[in-house]
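# Tertiary structure, described
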Amino acid sequence: MFATYLIGLREGLEATLVVSILVAFLVKSQRRDRLPQVWAGVGLAVALSVLFGWLIEYTSTSLLARSEDRELFEAITSVAAVVFVTWMIFWMRRAARSIAGELRGKLTEALAVGSLAVAGMAFLAVIREGLETALIFYSAAQGAAGDSGPLLALIGGIATAVVIGGLLYASALRINLSKFFTWTGALLILVAAGILKYGVHDFQEASVLPGLNDLAFDITTVLDPSTWYAALLAGMFNVTPAPTVLETIAWVGYAVPVLLLFLRPTRRKSAPVAAAGGPASEAAPTTGASDTANTPTPTTATGTERGADPGADAATTPQRA
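Basis of the calculations
- Residues numbered from 1 in each chain as written.
- Predicted model: local features only at pLDDT ≥ 70, side-chain atom pairs only at ≥ 80, totals over all residues.
- Heavy atoms only, no water.
- Helix = DSSP H or I, 4+ residues; strand = E, 2+ residues; numbered from the N terminus.
- Buried < 20%, exposed > 50% of the residue type's maximum accessible area, 1.4 Å probe, protein only.
- Contact = heavy atoms within 4.5 Å.
- Core = buried A, V, L, I, M, F, W, Y, C linked by side-chain atoms within 4.5 Å.
- Salt bridge = Lys/Arg side-chain N within 4 Å of Asp/Glu carboxyl O.

## Focus: the overall build of the protein
A tally of regular secondary structure across the protein gives 12 helices and zero strands. Helices (α) and strands (β) of the protein occur, in sequence order from the N terminus, as α-α-α-α-α-α-α-α-α-α-α-α. Buried residues in the protein amount to 44% of all 321 residues. Across the protein, every contact between residues at least 6 apart in sequence was considered, and the portion connecting residues at least 24 apart equals 80%.

## What to know about the environment of Ser78
By the secondary structure assignment, Ser78 is in helix H3 (residues 67–95). Exposure remark for Ser78: the relative accessible area of 0% places this residue in the buried category. With 57 residues separating them in the primary sequence, Ser78 and Leu135 have C-alpha atoms 8.2 Å apart.

## Brief notes about the nonpolar core
Core analysis: the largest hydrophobic core is formed by 32 residues, its most contacted members being Ile89, Leu188, Ile189, Val191 and Tyr254. Within the residue set of this core, elements represented by two or more residues are helix H1 (2–28), H3, helix H5 (115–140), helix H7 (177–205), helix H8 (228–237) and helix H9 (245–263). Here Val191 is in contact with Ala3, Ile7, Met236 and Phe237, once residues within four sequence places are set aside. With 23 residues, the next largest nonpolar core counts Val18, Val42, Leu107 and Ile127 among its residues.

## Observations concerning the pattern of salt bridges
Applying the stated rule across the entire model yields four salt bridges. The salt bridge partner of Asp33 is Arg34, with a shortest N-O separation of 4.0 Å. Here Asp33 falls in the partly exposed class, since its relative accessible area comes to 47%. For Arg34, a relative accessible area of 16% puts it in the buried group. Between Glu247 and Lys197 there is a salt bridge whose closest N-O contact spans 3.5 Å.

## Some details on unusual backbone geometry
Positive phi, close to 65°, is recorded for Ser207, a residue that is not glycine. As for its position among the elements, Ser207 is in the loop between H7 and H8. Classification of Ser207 by relative accessible area gives exposed; the value is 64%. We note that Asn238 has phi near 55°; this positive angle belongs to a residue other than glycine. Among the structural elements, Asn238 can be located in the loop between H8 and H9.

Right, here's the structure in full:
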């Protein structure tokens, strides 16, 4: 259940941060009249994400009659979930430092277009996280039919993310988001490795891949499946005491290289040298990006706090871009 809690927390926090940035920008720009459009877009995205999750479950349990078809469907969704997890982790690692500025710039453009554009902006910002959450949750919770624990854990993770996002918005809490996404990203890579291993097992049960009875090893005498720690390892990372050869190759072949790529130090690009006679601020418009990444809260737009025009920050970014 911790794996599904982590999924809800990670995906929920990403969506919550996006929404908090949009809301804070509107509030500080004195555009509270556009808040209903933002919440309408968020609500529609949440509703469609729930519908998507239900559709996946309904397809697996009701539309597919043969067990082989169900296994194949679960295998395909598992692989798709691994692709989404991998893409999401590396995207957030790359975009964390600039996401607040990019969102504010896009929202400025949407405000100039109209209400539907604002709602669409909020919808698109949240729907990706929602669809990913539904797909990853379904893949991670396979084998827990009739058990409400994974669903409750997912809801708990999302609720925790909403609370953290609310505290960040109110400036009552500051956390190092770079470290948070690094740790949770590493854990989600291990979760994704377990999902891929589960998908390979489903492919074997659907007779698409061979070797269902070819075990890589059997350590049931050491790792008793009935113990709590064995259940914890199986539930979080799908580490089982008697995996097949292909399952083991898939788990190790994904987890090791992806973890190494994810945890390797990133080289920061040096700011361009200002041209002779030109202001340094124009030569290096990305100054302060790290602060945005660590605390992407409403305090990043400080125009009103300094007594400036509330929309000054909103105008600055697109003009310099």
